[in-house]
Amino acid sequence: MAHIEVILPIFNEVKNIPNLIARLDQVKKELSPSATLSYLFINDGSSDGSTELLSQLHSSRNDIRVVHLLHNFGHGPALACGVSHFRGDLAVFMDADLQDPPEAIPEMFLAWKNGSKTVVAERVSRSESNKVLFNTFYYLLHKVAPQLPPVNFGTHCLLDASVIQRIKTLKEKNRYFPGLVGFASPKIEAIPVHRLKRLEGNSRVGLKGLIQLAITAFLSFSSLPVRMVSVMGLIASLAALISGTADRKSTRLNSSHVKR
Ligand code: UDP
Ligand code: MG
C-alpha cells in the first residue's frame, strides 16, 4: 500500500481549510485500501486564525502534520519547506484555496501506478480573470526555455519520492517550482484539469508575487537574459569606441589650427 502525503502551503486560509479537508477526506476514502493519505500543512506565518485551527487539527487527528513558519516567507519558500519535510512514497502538492481540485488525485495516483514518476495537473482551462496574462507568460517561457516541459502547470502535481529526492539536491535560492519539477523528472505525464476560482478570499500571492515568479522563471531557465546583457555590453563598447575615435579626430583637427 502506497502512502501519499499531500503538501499544502497555507497563508491566511482559515475559511478554506474546513472545505479543503472535507474534500480531501472524500478522496482518502475513495483511494482506500490502495493508498493511505495524510496532510502536511506548511503554515506560512498566517495571522487569521489558521495557525490555531491547524494546531487543533494536528492534536485531534493523527493524519495531519503542521510546520509553522515564524514569518510569512512566500509561496515558493513554503513549497521548499514541504519538500524538505516530506515523508511518504508519493507527494501531492496543491494550493489550499481549492483552485486545484483534490478530486484529481485518484487519476494522478493511477498514472503513478502505471509507472509515471511525475504526474502534473495541466491547466487546460481556467476560471480566473487574468488568463490572457498567464497564457502569454507560459507561451513566452516555453519559447525561450525549451528544456522545460511544454506543459502549463503550477503547483498541482504528484511526485514520486525519487523525484523529491532529486529536487532536494537543487540548491537554488529563488525557486520556480514547475521548473524544478521539470528539471528533476525524466518524463512528465500530464492530466487535464480545469483550474477553478479561489473558494474564499483574494489571491495571497498577488500580481507583484506573480511578476517576481515570472522573473525568477526567466532568469533560472533561459539563457535569453544573459544573451541580452551580452548584446547590450557589446553595443555599449562599440558606442564608446566610435565616440572615442571621433573625439581623437576632433582634437587633432583643433590642434592643427593652433599657431606655433
Ligand atoms: N501561500 C503561502 N504563502 C504566501 C502566499 C500564498 O503559503 O505568501 C499559499 C496560499 O495560502 C495558497 C497557495 O500558497 O494555498 C497559493 O496562493 P494564492 O492562491 O494566493 O496564489 P494564486 O493562486 O493567486 O497564484
Ligand atoms: Mg490561488
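Residues numbered from 1 in each chain as written. Chains lettered and ligands numbered in written order. Predicted model: local features only at pLDDT ≥ 70, side-chain atom pairs only at ≥ 80, totals over all residues. Heavy atoms only, no water.

Looking at the site of ligand 1
Argument step 1. The full set close to ligand 1 counts 18 residues, and Glu 13, Asp 44, Asp 97, Ser 203 and Arg 204 are the nearest of them.
Argument step 2. Contacts to ligand 1 include Gln 99, whose side-chain N or O atom sits 2.8 Å from an oxygen atom.
Argument step 3. Within the side chain of Ser 203, a nitrogen or oxygen atom sits 2.5 Å from an oxygen atom of ligand 1.
Argument step 4. Protein chains shield 93% of the accessible area of ligand 1, which is 530 Å² for the free molecule.
Argument step 5. Here the residues of the shell around ligand 1 sort into 6 nonpolar, 5 polar and 7 charged. (Near = heavy atom within 4 Å. Polar contact = N/O pair within 3.5 Å; in protein donor to acceptor, adjacent residues only side chain to side chain. Areas by Shrake-Rupley, 256 points an atom, 1.4 Å probe, with all protein chains shown as cover. Nonpolar A, V, L, I, M, F, W, Y, C, P; charged D, E, K, R; others polar.)

Quick look at the pattern of salt bridges
Pairs can form between side chains of opposite charge once their charged atoms are near each other.
Argument step 1. Within this structure, the stated rule accounts for 9 salt bridges.
Argument step 2. Here Asp 63 and Arg 61 are joined by a salt bridge, their closest N and O atoms 2.8 Å apart. (Salt bridge = Lys/Arg side-chain N within 4 Å of Asp/Glu carboxyl O.)

A word on the side chain of Arg 175
Argument step 1. Along the chain, the position of Arg 175 falls in the loop between helix H6 (161–168) and helix H7 (177–184).
Argument step 2. Within the structure, Arg 175 has its side chain in polar contact with the backbone oxygen of Leu 170 (distance 3.0 Å).
Argument step 3. When neighbours within four sequence positions are excluded, Arg 175 is seen to be in contact with Ala 80, Ile 167, Leu 170, Leu 180, Leu 213 and Thr 216. (Helix = DSSP H or I, 4+ residues; strand = E, 2+ residues; numbered from the N terminus. Contact = heavy atoms within 4.5 Å.)

A word on the packing of helix H5 (residues 131–144) against helix H8 (residues 206–221)
Argument step 1. Here H5 crosses H8 at 10 degrees, and the two axes come no closer than 10 Å. The orientation of H5 relative to H8 falls into the category roughly parallel. Residues Leu 133, Phe 134, Phe 137, Leu 140, Leu 141 and Val 144 of H5 form the contact with H8, whose participating residues are Leu 207, Leu 210, Ala 214, Ala 217, Phe 218 and Phe 221.
Argument step 2. Looking at the contact of H5 with H8 residue by residue, the classes come out as 12 nonpolar, no polar and no charged. (Axes fitted to C-alpha atoms, helices over the stretch in contact; angles between N-to-C directions. Parallel < 35°, antiparallel > 145°, perpendicular 65-115°, else oblique.)

Side note on the nonpolar core
Argument step 1. Counting residues in hydrophobic clusters, the biggest one holds 34 residues, and the most contacted among them are Val 6, Tyr 39 and Phe 41.
Argument step 2. The biggest single contributor to this core is helix H1 (residues 17–31), with 6 residues.
Argument step 3. When neighbours within four sequence positions are excluded, Tyr 39 is seen to be in contact with Val 6, Leu 8, Ile 21, Leu 24, Asp 25, Lys 28, Arg 61, Asp 63, Ile 64 and Arg 65.
Argument step 4. In terms of nonpolar packing, the next biggest core, distinct from the first, is built from 23 residues, Ile 42, Ala 78, Val 151 and Ile 164 among them. (Core = buried A, V, L, I, M, F, W, Y, C linked by side-chain atoms within 4.5 Å. Buried < 20%, exposed > 50% of the residue type's maximum accessible area, 1.4 Å probe, protein only.)

Focus: the coordination of the magnesium ion (ligand 2)
Argument step 1. Distances from the magnesium ion (ligand 2) to its protein donors, Asp 97 (OD) and Gln 99 (OE1), fall within 2.0 Å. Taken individually, Asp 97 and Gln 99 each receive the classification buried, so the pair is uniform in this respect. (Donors = N, O, S within 2.8 Å, 3.2 Å for Na, K, Ca; no water.)

Some words on the packing of aromatic side chains
Argument step 1. Per the counting criterion, the structure on display carries 2 aromatic pairs.
Argument step 2. Between Phe 93 and Phe 177, the aromatic rings sit 4.9 Å apart at their centres with planes inclined by 55 degrees, giving tilted as the arrangement. Remark: Phe 177 occurs in helix H7 and Phe 93 occurs in strand S4 (residues 90–93); sequence separation between them is 84 residues. With respect to burial, Phe 93 and Phe 177 carry one shared label: buried.
Argument step 3. Arranged with centres 5.7 Å apart and planes meeting at 20 degrees, the rings of Phe 109 and Trp 112 form a pair that is stacked. Taken as a pair, Phe 109 and Trp 112 lie in helix H4 (residues 105–113) at a separation of 3 residues, close to a single helical turn.
Argument step 4. Note on Phe 109: relative accessible area 4%, which makes it buried.
Argument step 5. A cation over a ring is seen here: Lys 28 above Tyr 39, with NZ or CZ 5.9 Å from the ring centre. (Phe/Tyr/Trp six-rings, centres within 6.5 Å; stacked < 30°, edge-to-face > 60°. Lys NZ or Arg CZ within 6 Å of the ring centre and 35° of its normal.)

Here we look at a nonpolar patch on the surface
Argument step 1. Taken together, the side chains of Leu 133, Leu 207, Ile 211, Ile 215 and Leu 219 make up a nonpolar region of the molecular surface, amounting to roughly 510 Å² of accessible area.
Argument step 2. Here the nonpolar patch takes 4 residues from H8, the largest share from any one element.
Argument step 3. The topology assignment puts Leu 219 in helix H8. (Patch = residues over 30% accessible without salt bridge, like charges linked within 9 Å, V, L, I, M, F, W, Y side chains within 5 Å.)

Interpretation note: all reported values are geometric properties and have no functional meaning in isolation.
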